[in-house]
Structure formats: structure tokens, C-alpha cells
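Spelled out, the chains give:
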Amino acid sequence: MDISDISSGVGVLDKAAVILGALASGPATLAELVSATGLSRPTAHRLALALERHRLVARDIEGRFVLGPRLGELSAAANEDCLLTAAGPVLISLRDATGESAQLYRRQGEVRVCVAAAERASGLRDIVPVGATLPMKVGSAAQVLLAWEEPERFYQGLQGARFTATALSGVRRRGWAQSIGEREPGMASVSAPVRGPSDRVVAAVTVTGPIQRLTRQPGARLAKAAVAAADRLTAVVSHA
């Protein structure tokens with residue numbers, strides 16, 4: 001990509017866009033980045049490091065520059081409308097299939113936000129209103145939203161959490177998480193990941209209810225349904 005082809009009149013932005021465009025073709029050393037962009041070595045290096053700081057660029061295990069995780073997050077945000085549109089019917093179906101309340105959570109910084117919900121019509125239930133902000137330190141949704149994070153954010157997220165790295169390793173292996181009384185005494189939940197186009201986890205589908213109904217092994221009853229619902233939303237987001 002040549003800068004003259006995309007010139008906006010804002011030189012530093014144009015150069016950053018050229019670097020990102022070059023990395024879309026795959027990992028690149030600094031020398032390869034200079035060759036692909038036509039930028040001087042100092043300029044390419046300075047901008048690549050700045051983009052890395054903003055997580056728009058990252059490094060692979062060989063130290064080469066690659067597209068960063070922030071691009072996946074922005075892509076997920078761009079797809080949020082289609083996710084929320086699809087979430088309503090999927091959560092209602094999940095609620096009806098399990099008899100328990102269902103929610104969809106997204107991570108926003110150090111908290112998670114309920115962006116959609118389908119509540120159980122009656123009886124003992126865990127009501128989480130849309131817009132509710134909950135901590136990333138407890139609950140099965142927090143486990144799912146943290147389990148596949150990049151190493152730095154992963155270990156930061158574990159500080160003060162009610163779950164451990166070993167527990168999250170189990171979440172990645174199974175493909176779902178469960179919690180018993182972590183967020184609220186007497187309540188249990190099961191969550192599964194919704195993935196975006198880059199396979200990054202962009203949301204968590206959760207089923208919640210009282211321990212007396214879900215037992216202390218809620219995954220045995222609810223994991224299959226939660227995963228199926230999350231997979232339905234993954235298909236929507238991935239093809240948006």
C-alpha cells in the first residue's frame with residue numbers, strides 16, 4: 001500500500017495506516033516493514049512501537065511485528081449491533097430450554113456489563129438488569145472473559161480474583177466455566193464464550209439460578225445448552 005493512495009492530509013495517521021496494511025499480509029521484521037511501506041527505518045520503528053503501545057500492533061514469538069489484539073476488540077465493537085440483535089431470541093431460547101435466567105456479558109476494561117438478558121418468569125431467580133456492571137473477579141462470565149486473554153491482561157486479571165490460573169486452564173480445556181456462590185451466596189452459574197471473526201472471545205453467555213436447583217455441579221446440567229447458545233451467537237458475529 002502506497003501512502004499517496006490513501007493520503008488524508010494527516011501524515012502520521014496515513015503512515016500508521018500503511019503499517020497496519022502491511023501487517024495484514026502477515027508478520028514482518030522491521031526491515032520487511034520498511035521495504036513494504038517505503039517509510040524510513042526510524043519512522044517505521046517509531047510508529048510501530050507507538051502502535052504496539054496502543055495494542056494495535058504486537059510481536060510474535062520471533063519478535064516480528066504482527067497485528068495487535070486491539071483490532072479484534074474494535075472489530076467486535078463494530079459488530080455489537082448484530083450481536084445484540086441476535087442475542088434476544090437466543091437468550092429467550094436458552095431460558096426456555098433450561099428454565100433459568102440467561103444473560104450476555106461483554107468486558108469493558110476491568111468490569112463486565114450485562115448487555116442483554118432473558119429473565120425467568122417466576123420463582124427464585126437471579127435478576128441482572130441490562131446495563132448492570134459486575135466485577136471481573138468473580139463469576140463464571142468473568143472466568144470466560146478472562147480465560148483466553150493475552151498473557152499480560154490474563155495475569156493482571158487474576159490479581160484478587162476468586163478463581164485461579166489452574167481453574168481458567170480448565171475453562172479453556174472444557175470450553176465453559178461454572179461458579180458456585182462466587183458473586184452471590186446461594187446462586188450458581190454456567191458461562192460459555194462467544195467468539196468474533198479473529199476467534200477472540202468477545203462476550204459470554206451465562207445461565208444463572210439458585211444452587212438448590214442447579215446443584216453444586218451446574219455445568220453437568222447447563223453446559224451443553226450454554227455452549228450451544230454461545231455457538232449460535234458466534235456464528236452470527238463471525239459472518240457479520
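Here we summarise the structure given alongside this text. Residue numbers restart at each chain and count upward from 1, following the sequence in its written direction. The predicted origin of the model limits local features to residues at a pLDDT of at least 70 and limits the giving and counting of side-chain atom pairs to 80 or more, whereas totals for whole chains, interfaces and linings rest on all residues. Excluded from the side-chain calculation are hydrogens and water; included are all heavy atoms of the structure.

Notes on helix H11 (residues 218-238)
Counting from the N terminus, the helices are DSSP H or I runs at least four residues long and the strands are E runs at least two residues long. Expected span of a helix, by definition, is 1.5 Å for each gap between consecutive residues, and there is one gap fewer than residues. Taking 1.5 Å as the rise per residue, H11 with 21 residues should run 30 Å; its terminal C-alpha atoms sit 28 Å apart, in good agreement. A residue's bend is the angle separating two fitted axes: one through the seven residues that end there, the other through the seven that start there. At Lys224, H11 is deflected by roughly 30°, the largest bend along its length. Burial in H11 covers these residues: Pro218, Gly219, Leu222, Ala223, Ala226, Ala229, Ala230, Leu233, Thr234 and Val237. Relative accessible area decides the class of each residue, using a 1.4 Å probe on protein chains only: under 20% of the type maximum gives buried, over 50% gives exposed, and in between gives partly exposed.

A word on unusual backbone geometry
In this model, Arg55 sits at a positive phi of 65°, which is unusual for a non-glycine residue. Counting through the fold element by element, Arg55 comes out in the loop between helix H4 (41-53) and strand E1 (57-59). Residues other than glycine seldom take positive phi values, yet Thr215 does so here, at roughly 70°. The topology assignment puts Thr215 in the loop between helix H10 (211-214) and H11.

Comments concerning the pairing of strand E6 (residues 177-180)
Strands qualify as paired when DSSP identifies two bridges or more between them. Bridge count for E6 against strand E7 (residues 187-195) is 4 bridges, and the pairing is antiparallel. Looking at the pairing, Ser179 lines up with Ser189 of E7. Counted between consecutive antiparallel strands, the loop separating E6 from E7 contains 6 residues, among which Gly181 sits at a positive phi close to 70°.

What about a nonpolar patch on the surface?
Side chains of Val10, Val12 and Leu13 sit close together on the surface and give an oily, nonpolar patch of about 260 Å² of accessible area. Structurally, Leu13 is set in helix H2 (residues 11-23). Residues enter patches when they are more than 30% accessible in relative terms and free of salt bridges; like-charged ones are connected within 9 Å and nonpolar ones (Val, Leu, Ile, Met, Phe, Trp, Tyr) within 5 Å. Values of accessible area rely on a 1.4 Å probe in the Shrake-Rupley scheme; residue burial ignores everything except the protein chains shown. The salt bridge definition used is simple: a Lys or Arg side-chain nitrogen within 4 Å of an Asp or Glu carboxyl oxygen.

Digging into the nonpolar core
Leu83, Leu91, Leu104, Val194, Val205 and Leu233 are the most contacted members of the largest nonpolar core, which has 30 residues in total. Among the secondary structure elements, those contributing two or more residues to this core are helix H6 (80-98), strand E3 (101-108), strand E4 (111-118), E7, strand E8 (201-210), H10 and H11. For this analysis, a nonpolar core means a set of buried residues of the types Ala, Val, Leu, Ile, Met, Phe, Trp, Tyr and Cys, connected via side-chain atoms within 4.5 Å. By size, the runner-up hydrophobic cluster in this structure holds 21 residues, among which are Ala141, Phe154, Val171 and Ala177.

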